[in-house]
Structure formats: structure tokens, C-alpha cells
Amino acid sequence: MAKFNIKKGDNVKVIAGDDKGKTAEVLQVLRKEEKVLVKGVNLVKKAVKPTEENPKGGHEFVERPIHISNVKKVEG
């Protein structure tokens with residue numbers, strides 16, 4: 001597995017993709033897939049079935065991982 005300089009809780013800036021320029025916190029590092037999960041970045045709309053907690057169901061936005069090469073660590 002590769003070793004990365006980015007860890008959970010670090011602030012990163014997205015340098016490529018639809019969310020280019022956004023700065024946010026890393027929620028999770030997926031080392032095997034060489035991806036990171038960044039708060040509020042790469043949001044996708046997901047259909048949700050009705051449950052007891054959410055009786056109507058509907059749609060919600062969830063973060064999807066992005067490749068680690070598309071983010072840069074921000075110091076400070």
C-alpha cells in the first residue's frame with residue numbers, strides 16, 4: 001500500500017474536477033483505493049427508500065471519494 005502525506009482531519013484544497021478550488025476537511029483516507037473522502041466535495045444525489053426514521057424517503061446528497069492526486073494539503 002502507498003503512503004500518503006494526507007491524514008484524516010487535514011485541510012485540503014481540491015485542485016482538479018468539478019469542485020476545483022474548494023477547501024475542506026478530510027473525513028477518511030482510503031489507502032487501498034488511493035482516494036480520500038472530503039467534507040462537502042463531490043456530492044452526489046442518492047435515492048433513499050422510506051424507513052421509520054424517514055417515512056417519506058426521497059433523495060439525499062452524500063460525499064463520494066475522490067482520487068488523492070486531485071487534492072493538495074493546505075498548511076495552517
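Every value quoted in this text rests on a predicted model; they were computed, and no experiment measured them.

Cut-offs and rules
Residues numbered from 1 in each chain as written. Predicted model: local features only at pLDDT ≥ 70, side-chain atom pairs only at ≥ 80, totals over all residues. Heavy atoms only, no water. Pairing = 2+ DSSP bridges. Helix = DSSP H or I, 4+ residues; strand = E, 2+ residues; numbered from the N terminus. Buried < 20%, exposed > 50% of the residue type's maximum accessible area, 1.4 Å probe, protein only.

Visitor: Can you explain the sheet that holds strand 1 (residues 11-14)? Please cite residues and give values.
Guide: Sheet architecture is open: five strands sit in the order 6-3-2-1-7, paired in antiparallel fashion. The open sheet has two edge strands with one neighbour each: strand 6 (66-67) and strand 7 (71-73). As judged from the two bridges shared by strand 3 (residues 35-38) and strand 6, these two strands associate in the antiparallel manner. Its bridge partner being in strand 6, K35 is matched across the sheet by H67.

Visitor: Could you give an account of unusual backbone geometry, with specific residues and numbers?
Guide: For residues besides glycine, phi is generally negative; the peptide bonds are generally trans as well. Although it is not a glycine, E34 sits at a positive phi angle of roughly 55°. Along the chain, E34 falls in the loop between strand 2 (23-30) and strand 3. In this model, N42 sits at a positive phi of 60°, which is unusual for a non-glycine residue.

Visitor: Please give an account of the pairing of strand 1 that cites residues and values.
Guide: Of the two faces of strand 1, the one holding V12 and V14 is buried and the one holding N11 and K13 is not buried anywhere. In the sheet, strand 1 pairs with strand 7 via three bridges, with the strands oriented antiparallel. By the bridge assignment for strand 7, V12 is matched with K73.

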